[in-house]
Amino acid sequence: MAVTLSSFRTEYPEFAPTADALVTAKIAAATRRCSATVFGDSYDDAVMLLTAHLLSSAPGGQQGRLEKGDEGATTYLAEWKRLAQQRGGGAWAIGAWEP
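Caption draft 1: Just the packing of helix H2 (residues 20-33) against helix H4 (residues 43-56), in detail. Close contact between H2 and H4 brings their axes to 8 Å; oriented N to C, the two are set at 125°. Between H2 and H4, the angle falls in the class oblique. Regarding H2 and H4, the two cross each other, and that crossing is right-handed. Contacts between H2 and H4 involve Leu22, Val23, Lys26, Ile27, Ala29, Ala30, Thr31 and Arg33 from the former and Tyr43, Val47, Leu50, Thr51, Leu54 and Leu55 from the latter. Of the residues contributing to the contact of H2 with H4, the split by class is 10 nonpolar, 2 polar and 2 charged.

Caption draft 2: Up close: the packing of aromatic side chains. Taken as a whole and assessed by the stated rule, the structure comprises 2 aromatic pairs. Where Phe8 meets Phe15, the ring centres are 5.7 Å apart and the plane angle is 35°; that geometry is what we call tilted. The same class applies to Phe8 and to Phe15, which are both buried. An aromatic cluster of three or more residues is present, and its members are Phe8, Tyr12 and Phe15.

Caption draft 3: Quick peek at H4. With 14 residues, H4 should reach 20 Å at 1.5 Å per residue; the first-to-last C-alpha distance of 20 Å fits that figure. The buried fraction of H4 is high, at 13 of 14 residues.

Caption draft 4: Main features of the pattern of salt bridges. The tally for this structure, following the rule as stated, stands at 1 salt bridge. Of the charged contacts in the structure, one is a salt bridge between Asp20 and Arg9, with a shortest N-O distance of 2.7 Å. One end of the pair, Asp20, is in helix H2; the other, Arg9, is in helix H1 (residues 5-11), and 11 residues separate them in sequence.

What counts, and where the lines are drawn
- Residues numbered from 1 in each chain as written.
- Predicted model: local features only at pLDDT ≥ 70, side-chain atom pairs only at ≥ 80, totals over all residues.
- Heavy atoms only, no water.
- Axes fitted to C-alpha atoms, helices over the stretch in contact; angles between N-to-C directions.
- Helix = DSSP H or I, 4+ residues; strand = E, 2+ residues; numbered from the N terminus.
- Parallel < 35°, antiparallel > 145°, perpendicular 65-115°, else oblique.
- Left-handed = near helix turned anticlockwise from the far one by under 90°.
- Contact = heavy atoms within 4.5 Å.
- Nonpolar A, V, L, I, M, F, W, Y, C, P; charged D, E, K, R; others polar.
- Phe/Tyr/Trp six-rings, centres within 6.5 Å; stacked < 30°, edge-to-face > 60°.
- Buried < 20%, exposed > 50% of the residue type's maximum accessible area, 1.4 Å probe, protein only.
- Expected span 1.5 Å × (residues − 1).
- Salt bridge = Lys/Arg side-chain N within 4 Å of Asp/Glu carboxyl O.

Structure follows, in structure tokens:
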């Protein structure tokens, strides 16, 4: 299942006031940055978390940011990193599983 505007808004209702076009653009950006090979059946979760991070790290996204000095980290990025470590934390060879 691909992440859609509707599925993102259902999972993260805190972004309801955010313009549809901006959310859709951030979903597209997150989709390009996440690997279905690495995340497997957690791929949609990874895309949604990264989308939420991208929205929160924008100038208007104050609610998800961590403390000052965290170099722009958000609560969503922290969770995405945990997921990435769980799913792709072992040894990888370049191009090993990419088609």
